[in-house]
Amino acid sequence: MTDLDAALSDLDAIAEEDVYVPVEAPEQSELDQKINQYFEGVVVRKDLVKAVRGNAVVPGYVLEYLLGQYAASDDEATIQEGIDTVRSILAEHYVHRNMHMAVKSLIREKGRFRVIDRVTVSLNEKDDVYEASFENLQITKVIIDPDTVKANEKLLVGGVWCICDIEYVHNDSPGSVPWQLGSLKAIQIAGVDFDTYYDGRRAFTTEEWIDLLVQSIGLNPEQFTPRGKLIALTRLVPFVERNYNLVELGPKGTGKSHTFSEFSPNGALISGGEVTVAKLFVNNASGKIGLVGYWDCVAFDEFAANRKTDQNLVNIMKNYMANKVFNRGNIQLGAEASMAFIGNTSHTVPYMLKNSDLFDELPDSYRDSAWLDRIHHYIPGWEVSPIRSEMFSDGYGFVVDYLAEVLRSKRSEDFSDRYKTYFTLDSTISTRDQDGIRKTFSGLMKLIHPNGDATEDEVRDLLEYAIEGRKRVKDQILRIDATMRDNPVRFRYSDQAGTWHDVTTVEERQYPQLYRRSWDAEAADAGGGDLETYTPPIVNATTSSRSVRSVAPPLPIVPEGGGAAVTPADEEPLFEGIRDFKAGQKGVSYENLLLPYLVGATKIQIIDPYIRMRHQGRNFGDLVGLLALAKDPADEIEISLVTGETDKVQYKQEQLLMLKALKDAAESVGIILRVALDNSKHDRSIVTDHGWRILLGKGLDIWEQPNNPMAEARQEFRQIKSDTTFTYARIPVS
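These numbers come from a predicted model, not from an experiment.

**Structural notes on the overall build of the protein**
- Across its full length, the protein carries 27 helices and 29 strands.
- For the protein, buried positions account for 51% of its 734 residues.
- Of the roughly 33400 Å² of accessible surface on the protein, 48% is carried by carbon and sulfur atoms.

In structure tokens:
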């Protein structure tokens with residue numbers, strides 16, 4: 001039996017083999033043509049990164065730096081030549097960790113050789129020299145000139161990807177190192193013509209410019225809604241706004257860390273478990289300044305998984321996030337690094353709202369209201385779809401280190417008051433809440449309207465989004481800390497006509513009964529805006545029967561042997577025994593065939609060896625969807641699916657990706673789907689933890705392929721493809 005994640009990992013390992021596949025040029029869109037017209041030489045086709053990466057484990061900005069040197073063009077011949085050049089450079093000069101000894105030998109034989117590697121520098125106080133370490137080449141104590149270090153201070157903390165000439169000069173002196181540094185060039189753009197950038201922006205509409213930025217971070221704008229694009233761009237705000245504190249929590253596989261690991265040479269991504277006072281702020285023993293002193297943004301990956309925390313670190317971080325300072329002994333130091341905290345959620349939004357709060361996954365030490373109050377914006381990661389291949393762009397976007405330098409130059413500007421021409425924030429919004437709103441608004445303005453020019457509606461959209469992100473933070477703090485409920489806040493703004501506009505979060509509108517709490521009932525009565533009413537399905541469970549009520553009447557259950565359908569009363573016991581279904585029969589659906597027996601279960605095991613083809617996956621998805629609609633949104637169900645793996649190699653990837661998509665979609669609605677692949681299973685069955693076993697005869701795939709729109713939409717209009725039986729039996733509940 002093979003776990004789905006393990007099967008996908010094996011598939012990824014095969015896909016990542018360094019096999020050269022010629023890149024076919026996609027047809028240029030009108031936007032691509034416009035991008036090349038106004039930004040010739042500083043844009044690159046984004047699918048080329050994958051084409052040249054091979055098995056080189058380097059950030060995307062390193063590859064785009066090289067592509068920017070050789071393939072920043074829309075001429076196909078130049079692009080193909082550039083691809084070949086970059087691949088050749090990587091093949092010859094990139095140091096693979098497992099090949100470090102062979103490269104060392106090559107340097108020794110040639111006397112001098114150029115390498116691409118990550119370089120870190122430390123000060124050897126004993127000998128008063130700077131020493132460089134090469135990560136993949138695995139050599140240390142290479143003497144480096146102080147002027148080179150001064151020109152590239154990030155070498156001292158976190159390391160920098162560089163192109164270096166390494167020389168080999170052996171001598172017999174004790175403790176000597178034969179490696180010498182001939183030259184070092186950090187991989188970053190030399191200079192930016194900012195006037196060209198600002199002039200170019202004026203040639204694009206706001207929608208076009210947003211799409212250009214989305215393509216620049218490697219995403220296909222056609223796959224995202226306007227709100228989805230805004231969420232993606234919010235991840236760039238820490239790079240353009242000083243001392244900006246961002247949280248994004250959401251399901252796995254949504255690309256939360258991609259921007260921080262691939263986008264900018266000015267950001268550092270570290271594991272949440274590796275955070276220490278010395279690494280982040282200052283090592284008091286050596287006096288060495290940490291990451292915040294050198295990087296524009298420090299992002300903490302898998303932050304929610306870090307359960308062991310240092311309270312001293314939390315306190316220092318709390319002070320830094322609020323006041324931009326930290327202490328080295330008795331000396332107070334300032335820094336400008338923004339912070340982004342990224343983590344995975346294991347529960348749905350309604351589950352978290354019912355049982356705790358939207359910061360539920362954070363370590364306990366960070367679920368402190370004072371620490372949380374320093375967060376300027378909360379990105380709702382659950383709104384972001386899992387990354388799929390079609391979500392990556394093959395269009396043109398800025399070479400990322402070019403854009404990174406532009407954004408870095410904007411950090412010294414302040415656009416936080418640009419909304420005041422049109423709008424006024426409510427006076428009940430505290431100074432700290434206003435800071436969060438204004439910093440998010442300022443960052444998005446710099447990204448989307450770098451010239452500072454925006455219409456009233458464009459300003460309104462960004463302001464409402466910024467307010468929502470800070471409101472999400474504040475509302476969760478009120479759940480955690482009752483002492484902060486004394487001063488009610490109205491997250492609203494007024495326009496020039498004096499009309500007030502309340503801002504609510506998406507989850508507040510979707511789950512008002514779960515989101516609202518007794519302490520804000522008074523604010524709601526005072527006119528906090530109309531909320532959409534959500535009424536979950538009512539589940540009636542007794543010892544004798546379970547049924548589902550919804551707005552529509554329950555669908556009929558097809559009796560044994562087919563025939564006229566009947567609608568049972570709520571309390572009528574569910575049928576036990578055998579039901580026969582004949583080829584060509586209609587009126588059968590999972591809703592009347594299976595759902596009444598599954599409602600109320602918290603754990604369900606499904607064995608069907610043929611969830612392999614696309615239509616079989618769609619059928620299974622229909623069943624999962626019915627269960628999601630039937631349960632309370634705040635509850636969770638575990639489904640274990642055991643199915644077979646297709647024996648046709650050409651369809652294997654399609655099946656695994658289909659199952660992965662089903663798993664991701666199920667988790668988004670509170671159904672934890674675990675998939676195992678086992679070709680030894682032949683019987684087909686469903687077993688629930690509340691006392692039912694259903695033998696599925698020929699399995700879940702019982703219908704002919706739909707042949708009309710109505711059959712596509714509803715299972716009842718499909719024909720049974722061959723005779724089959726379903727057997728229902730009660731079993732003891734353990």
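**Examining empty space enclosed by the protein**
- If you walk through the whole model with that rule in mind, you get one cavity of 30 Å³ or more.
- Counted as a void, the largest cavity has a volume near 30 Å³.
- For the largest cavity, the full set of lining residues is Arg612, Met613, Arg614, Tyr651, Glu654 and Gln655.
- Here the lining of the largest cavity takes three residues from helix H26 (residues 649-667), the largest share from any one element.
- Looking at the lining of the largest cavity, its residues break down into two nonpolar, one polar and three charged.

**Observations concerning the nonpolar core**
- Core analysis: the largest hydrophobic core is formed by 88 residues, its most contacted members being Phe39, Tyr197, Phe398, Tyr402, Leu447 and Leu463.
- Once you skip the residues sitting within four places of it in the chain, Phe39 turns out to touch Thr196, Tyr197, Gly200, Arg201, Phe204, Trp209, Leu212, Phe398 and Tyr402.
- Counting 69 residues, the second-largest nonpolar core is a separate cluster that includes Val142, Ile270, Leu333 and Ala337.

**Structural notes on unusual backbone geometry**
- The phi torsion at Asn243 lies on the positive side, around 50°, for a residue other than glycine.
- The topology assignment puts Asn243 in the loop between helix H11 (237-240) and strand E8 (245-250).
- Within the chain, Glu302 stands out as a residue other than glycine whose phi angle is a positive 50°.
- Assignment of secondary structure puts Glu302 in the loop between strand E12 (297-301) and helix H14 (311-323).
- Assessed through its relative accessible area of 48%, Glu302 is described here as partly exposed.

**Description of the sheet that holds strand E15 (residues 338-344)**
- Taken in spatial order, the five strands line up as E9-E12-E15-E8-E16 in an open sheet, and their pairing is parallel. This sheet does not close on itself; its edge strands, each paired only once, are strand E9 (267-271) and strand E16 (377-380). Shown here is a sheet whose adjacent strand axes are inclined to one another by a mean of 20°, direction ignored.
- Both E8 and E16 contribute to a ladder of four bridges, which runs parallel. When the bridges of E16 are listed, Val247 appears paired with Tyr378.
- On top of the sheet, helix H10 (residues 226-234) reaches E8 and E16; it is set at about 130° to E16, its chief contact.

**Considerations on the side chain of Glu458**
- With respect to the helices and strands, Glu458 occurs in helix H19 (residues 456-480).
- Buried and unpaired, Glu458 has Arg201 as its nearest opposite-charge partner, separated by 5.8 Å.
- Of the polar contacts made by the side chain of Glu458, one reaches the backbone nitrogen of Thr455; its length is 2.9 Å.
- Here Glu458 is in contact with Thr206 and His449, once residues within four sequence places are set aside.

**Some thoughts on the pairing of E15**
- Burial within E15 is extensive, with six of its seven residues counted as buried.
- Of the pairings in the sheet, the one linking E8 to E15 comprises six bridges and is parallel in character. What sits directly across from Asn245, in E15, is Met339.
- Sheet analysis places E12 next to E15, joined by four bridges and oriented parallel.

**With respect to the sheet that holds strand E1 (residues 2-3)**
- The sheet built from eight strands is open, its strands ordered E1-E26-E25-E24-E27-E28-E29-E23 with mixed pairing. Each edge of the open sheet carries a strand with a single partner, namely E1 and strand E23 (577-581).
- Where H26 meets the sheet, it contacts strand E25 (637-643) and strand E26 (671-677), and its direction lies at approximately 160° from that of E26.

**Some words on the environment of Phe303**
- Mapped onto the elements, Phe303 comes out in the loop between E12 and H14.
- A residue is classified by how much of its surface remains accessible, and Phe303, at 2% relative accessible area, is buried.
- In this structure, the C-alpha to C-alpha distance between Phe303 and Ser271, residues 32 residues apart in sequence, is 7.1 Å.

**Examining the packing of helix H18 (residues 431-448) against H19**
- The N-to-C vectors of H18 and H19 enclose an angle of 140°; their axes lie 8 Å apart at closest approach. Overall, the two elements H18 and H19 adopt an arrangement that is oblique. Judged by the sense of rotation from one axis to the other, the crossing of H18 with H19 is right-handed. Of the residues in H19, those in contact with Arg432, Asp433, Ile437, Thr440, Phe441, Leu444, Met445 and Ile448 of H18 are Val459, Leu462, Leu463, Tyr465, Ala466, Ile467, Arg470 and Lys474.
- Tallied by class, the residues present in the contact of H18 with H19 amount to eleven nonpolar, one polar and four charged.

What counts, and where the lines are drawn
Residues numbered from 1 in each chain as written. Predicted model: local features only at pLDDT ≥ 70, side-chain atom pairs only at ≥ 80, totals over all residues. Heavy atoms only, no water. Helix = DSSP H or I, 4+ residues; strand = E, 2+ residues; numbered from the N terminus. Buried < 20%, exposed > 50% of the residue type's maximum accessible area, 1.4 Å probe, protein only. Areas by Shrake-Rupley, 256 points an atom, 1.4 Å probe, with all protein chains shown as cover. 1 Å grid on protein atoms, 1.4 Å probe; cavity = no way out; pocket = protein on both sides within 12 Å on 5 of 7 lines; lining within 4 Å. Points joined across faces, edges and corners; volume = space filled by probe spheres on them. Nonpolar A, V, L, I, M, F, W, Y, C, P; charged D, E, K, R; others polar. Core = buried A, V, L, I, M, F, W, Y, C linked by side-chain atoms within 4.5 Å. Contact = heavy atoms within 4.5 Å. Pairing = 2+ DSSP bridges. Axes fitted to C-alpha atoms, helices over the stretch in contact; angles between N-to-C directions. Lys, Arg positive; Asp, Glu negative; His and termini not counted. Salt bridge = Lys/Arg side-chain N within 4 Å of Asp/Glu carboxyl O. Polar contact = N/O pair within 3.5 Å; in protein donor to acceptor, adjacent residues only side chain to side chain. Parallel < 35°, antiparallel > 145°, perpendicular 65-115°, else oblique. Left-handed = near helix turned anticlockwise from the far one by under 90°.

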